[in-house]
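Each chain, letter by letter, is given below.
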Amino acid sequence: MNRFYMGRFTDLFGMRYKGYAGRILWIDLTHEKVRVEDFPENLAEGYLGGSGICARILYDLIKPGIDPLSPENVLMFATGPLTGTLFPQACRYTVAAKSPLTGIWGESHAAGHWAPELKFAGYDAIIFLGRASKPVYLWIDDDEVEIKDAGEIWGRTVLETDDILREEHGDDVKVACIGPAGENLVRYAAIMNDRYRAAARSGMGAVMGSKNLKAIAVRGSRDIEVADPEAYMDHVRRWHRKMLSHPFMPDRAKYGTTNLIELMQKVGRLPTYNLRQGVFDEYYKIGGETIYRKYLVKPVADFACLQRCGRYTAVYNEPYRCMGGGPEYETLCSLGSRCGVSNIEAILYGNWLCNNLGLDSVSAGGTISWAMECYELGLISRDELDGLDLRFGNEEAMIELLIKIAYRRGVGDLLAEGSWRAAKKIRRGTERYVMHVKGQEIASQEPRAQKSMGLAIATAARGADHLYGFPVLDEVGFEKEIRERFGEEYLPEIADRLNPKYKGFMVKECEDYMAVVEAVGVCKYGTQIPPVFYYQDIVDASRVTCGMDVDVRKLKMIGERIVNLNRAFNIREGICRKDDTLPERLTKVPAPLGPAKGHVVELDQMLDEYYRCRGWDLETGKPTYEKLLSLGLEDVAEDLLRKGLIRKAES
Amino acid sequence: MPYIYADPSRCTGCEICVLTCSFTYFKVLNPKKARLRVVRMEPAIDLVIACRNCERAPCMEACPNEAIKRTSKGIIVVDEGRCDGCGRCVEACPLDAIHIPPNGRAPIKCVACGACVQACPVGCLKMAYSFEEAFEKRRNYAERLKEIILSLRSSG
């Protein structure tokens, strides 16, 4: 393989803003070429980093209508300016491309130690173009960047790949890779980093697999500088004190996200039996208390994380003996209550399998639970399922299916396409039971018991997704924070999770803020739940870390710009208001049980309010020409206008 | 002799101590410029490695220039003026607790200043002042391990 060395010439023109590594790595896999470019300063000013620069660069690079699994797709990893610094939970990266699951904007985020290491190696982002002619992996050791043969690790699981690459390059190397699911182009394959951390949603692992790229191993030894070293530590101490003194902290350390099972059960928001209902009779068997008592080895944290919600768990007994990271609430629900499984050891093993095979546990659980419901209703026969008795609660069948999906064996080949595509193939009325938006399975959030979540899932840019907007302020009553953030005028309705009023406004505000949070490389835990940090803290951090002249107004604008840019990407792919929808089960069928009994999601009402707050066209759900102009997206506005996708307002 | 100690079963591996250390001494964020390290090992171990200020210190013995000295408080320090950067101390240390930072000449090591102790969000970093205390800590740790093993046995 070719070796590429790069001089330190870019240092001469170092970036004005600190906090950034200041360079972007371009990898042309087709021609095996490596190129380093400076991080453009205006890109930092307009989009910060992370999800923001992904949105901008990929809007320009990805042509509309391409096949997401073809070499034309572009895969981009990006960290934020705060990634790798001492801001609480600043350890995240964004990975984005056109999604093979939804066919529209795809992006995913993960924590861990990999993203900071990439910055210490001197790169803010990596952009992969084309497709390698045979399996390769990328090895980055500061200025030495090499595309290496992956013959030995192709076909291996995530943990094996991690072991082999660290054996080869040294123990301090951080690895992001795909498992067999990504290699086999499972449409919801994840990219895994630091063994147990997953950038899971929207099938980024399949894009990586389609590029014949197995892994990215990084070691870095460069500095991240800060703009104001004198004041920096005082700010850090203040942020840390603020985070640590929040009343959520003890529970976070004790349970991580696992005790959400109990909390969600209490409000009837725990998806059960493929979202048929929001309560699960045996919830206590799969909840946080059980895990804490019996399976928790210790809490683990990612880089610069004070909350330590990561788990390290172990199952000591056969047949589900396993040991590793996780689980999160999402997995406990999607492989647990959603499939009717109450055997916690099977769920933990399923979680371990998903990590090791590189599968998105949410979409995997969503697809399996859809198949379970169809099987019970007699829409799919036992023969079609390779003889598996796939009723709700059959944990053995569920585990077997996870392996079949990752390797596309038997019926796994069909289920690897995701429930939406699988239903379109089978038909026979199975489409009615697909719990998806825009092709992606709904995560472990029952929207009938929290209306804002229903709206957020319907509008999220990457298809059904609770994290894009993450409107959790009304979930367990953060009235104080709502008052601080939005003022008095929206209370009390906005804090009532069953009331659709003001939810359009809240989702819009939350989406903008979450886009900024992902753009700077910080976790949504700590910024949204618990809501400790808000725009002003990000402003302080950007000033003291990067030396950027920003204020709250500018940051809000950046957030809105990113969301509109994601929307513009989707509009080019044909998305409009009719796609911002929910399955009929959630909008027409009242919740049968639990505290939300009788409720449906009043989606249209909330959508109207949402589009109005966004300044988007009520009929089509598209940004207006003027809206895009006001956000400084002239080229995007012109582009969409030329294609006839948006209109100018009639004057 | 004081040294930094962390319980590997309580350390979460967030590396806030590491970043704090590099910032305290170099005013930059860079784990490779920190005087202590956190090594993550399977399964579930996050091990903080910092100089133990050994009584018979291999680094001191290995140094050909007598650049490594012990202060009155028992802390081993590197005299940068005398050090010629040969790196023999780095090779000699059994704990990997002394290393030459990137773009640096003289090696750096933990001098037990305690900046990291204050920064640890879990409160698991401690300044161990004597071997008696360290022994006490290890015994506590052994007691806890015993509990874990017993509970495993009863559940298994």
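Here is what the cut-offs are and how they apply
Residues numbered from 1 in each chain as written. Chains lettered and ligands numbered in written order. Predicted model: local features only at pLDDT ≥ 70, side-chain atom pairs only at ≥ 80, totals over all residues. Helix = DSSP H or I, 4+ residues; strand = E, 2+ residues; numbered from the N terminus. Contact = placed C-beta atoms within 7 Å. Buried ≥ 20, exposed ≤ 12 C-beta atoms within 10 Å, placed from the backbone. Pairing = 2+ DSSP bridges. Axes fitted to C-alpha atoms, helices over the stretch in contact; angles between N-to-C directions. Parallel < 35°, antiparallel > 145°, perpendicular 65-115°, else oblique. Nonpolar A, V, L, I, M, F, W, Y, C, P; charged D, E, K, R; others polar. Core = buried A, V, L, I, M, F, W, Y, C linked by C-beta atoms within 7 Å. Domains from an automatic or database assignment.

Once that is clear, we can look at the overall build of chain B. A count of helices and strands for chain B gives 5 helices and 8 strands. In terms of overall dimensions, chain B has a C-alpha envelope of 60 × 35 × 25 Å along the principal axes. Put simply, of all contacts in chain B between residues at least 6 apart along the chain, 55% involve residues at least 24 apart.

Let us now look at the environment of A:G387. Residue and element names in this part refer to chain A. Mapped onto the elements of the fold, G387 is located in the loop between α13 (361-376) and α14 (395-407). For G387, a count of 11 C-beta atoms within 10 Å puts it in the exposed group. C-alpha of G387 to C-alpha of A397: the two residues are 10 residues apart in sequence and 9.7 Å apart in space.

With that out of the way, let us pick up the sheet that holds strand β15 (residues 310-315) of chain A. Residue and element names in this part refer to chain A. An order of β14-β15-β16 is seen for the 3 strands of this open sheet, with the pairing classed as antiparallel. The open sheet has two free edges, formed respectively by β14 (296-300) and β16 (322-325), since each of these has just one partner strand. Between one strand axis and the next, the sheet turns by 10 degrees as a mean value, whatever way the strands run. Pairing geometry for β14 and β15, over 4 bridges, is antiparallel. Bridging from a neighbouring strand, L296 pairs with T313 of β15. Where helix α10 (residues 288-295) meets the sheet, it contacts β14 and β15, and its direction lies at approximately 60 degrees from that of β15. Running over the sheet, helix α12 (residues 344-357) touches β15 and β16 and is turned about 60 degrees from β16.

Attention now moves to the packing of helix α19 (residues 503-520) of chain A against helix α21 (residues 552-572) of chain A. Residue and element names in this part refer to chain A. One can describe the packing of α19 onto α21 by two numbers: an axis separation of 8 Å at closest approach and a directional angle of 95 degrees. Relative to α21, α19 is oriented roughly perpendicular. Of α21, the residues touching α19 (which contributes E511, D512, Y513, A515, V516 and A519) are L555, K556, I558, G559, E560, I562 and V563. Across the contact of α19 with α21, the residue classes break down as 8 nonpolar, 1 polar and 4 charged.

Residue and element names in this part refer to chain A. The 6 strands are arranged β3-β2-β7-β4-β5-β6 in an open sheet whose pairing can be described as mixed. Across the chains shown, the open sheet's two edge strands, defined by having one partner strand only, are β3 (33-38) and β6 (105-110). Neighbour to neighbour, the strand axes of the sheet diverge by 15 degrees on average, direction disregarded. With 6 bridges joining them, strand β5 (residues 93-98) and β6 adopt antiparallel strand pairing. Note on β6: the bridge partner recorded for V95 is S108.

Bringing the interface of chain A and chain B into the picture now. Each partner contributes to the interface: chain A provides 29 residues, whereas chain B provides 21 residues. Those elements giving two or more residues to the side of chain A that touches chain B turn out to be α7 (229-244) and β14 of chain A.

Bringing the nonpolar core into the picture now. Grouped together as the largest cluster of nonpolar side chains are 254 residues, with contacts concentrated most on A:M76 and A:L359. In contact with A:L359, not counting residues within four places along its chain, are A:A181, A:V186, A:Y188, A:A189, A:A190, A:C354, A:A364, A:L402, A:I405 and A:A406.

Quick look at unusual backbone geometry now. Residue and element names in this part refer to chain A. In this model, E318 is joined to P319 through a cis peptide bond whose omega is 5 degrees. Structurally, P319 can be placed in the loop between β15 and β16. In this structure, R308 takes a positive phi of about 45 degrees despite not being glycine. Within the fold, R308 resides in the loop between β14 and β15. On the basis of neighbour count, R308 is assigned to the buried category, with 21 C-beta atoms found within 10 Å. The phi dihedral of F470 is positive, around 45 degrees, even though this residue is not glycine. Considering the arrangement of structural elements, one finds F470 in the loop between α17 (451-459) and α18 (479-486). Residue classification places F470 among the buried residues on the basis of 25 C-beta atoms within 10 Å.

In terms of residue burial, helix α1 (residues 16-26) of chain B counts as a mostly covered element, since 8 of its 11 residues are buried. In this structure, the buried residues of α1(B) make contact with α7 of chain A together with β2 (37-41), α4 (115-119) and β8 (125-128) of chain B.

Residues and elements named next belong to chain A. When its domains are assigned, chain A resolves into domain 1 (3-219), domain 2 (262-434) and domain 3 (448-642). Taking the mean C-alpha position of each, domain 1 and domain 3 sit 27 Å from one another. Mapped by element, the contributors of at least two residues to the side of domain 1 that touches domain 3 are α1 (41-47), α2 (50-61), β5 and β6. With 6 residues, the single largest contributor to the side of domain 1 that touches domain 3 is α2. Here the residues of the side of domain 1 that touches domain 3 are counted per class, giving 18 nonpolar, 18 polar and 5 charged.

Let us now look at the packing of helix α20 (residues 535-546) of chain A against α21(A). Residues and elements named next belong to chain A. With their axes 9 Å apart at the nearest point, α20 and α21 run at an angle of 100 degrees to one another. Judged by the inter-axis angle, α20 sits roughly perpendicular to α21. Listed contacts from α21 to Y535, Q536, I538 and V539 of α20 are V552, L555 and K556. A class-by-class count of the residues in the contact of α20 with α21 yields 5 nonpolar, 1 polar and 1 charged.

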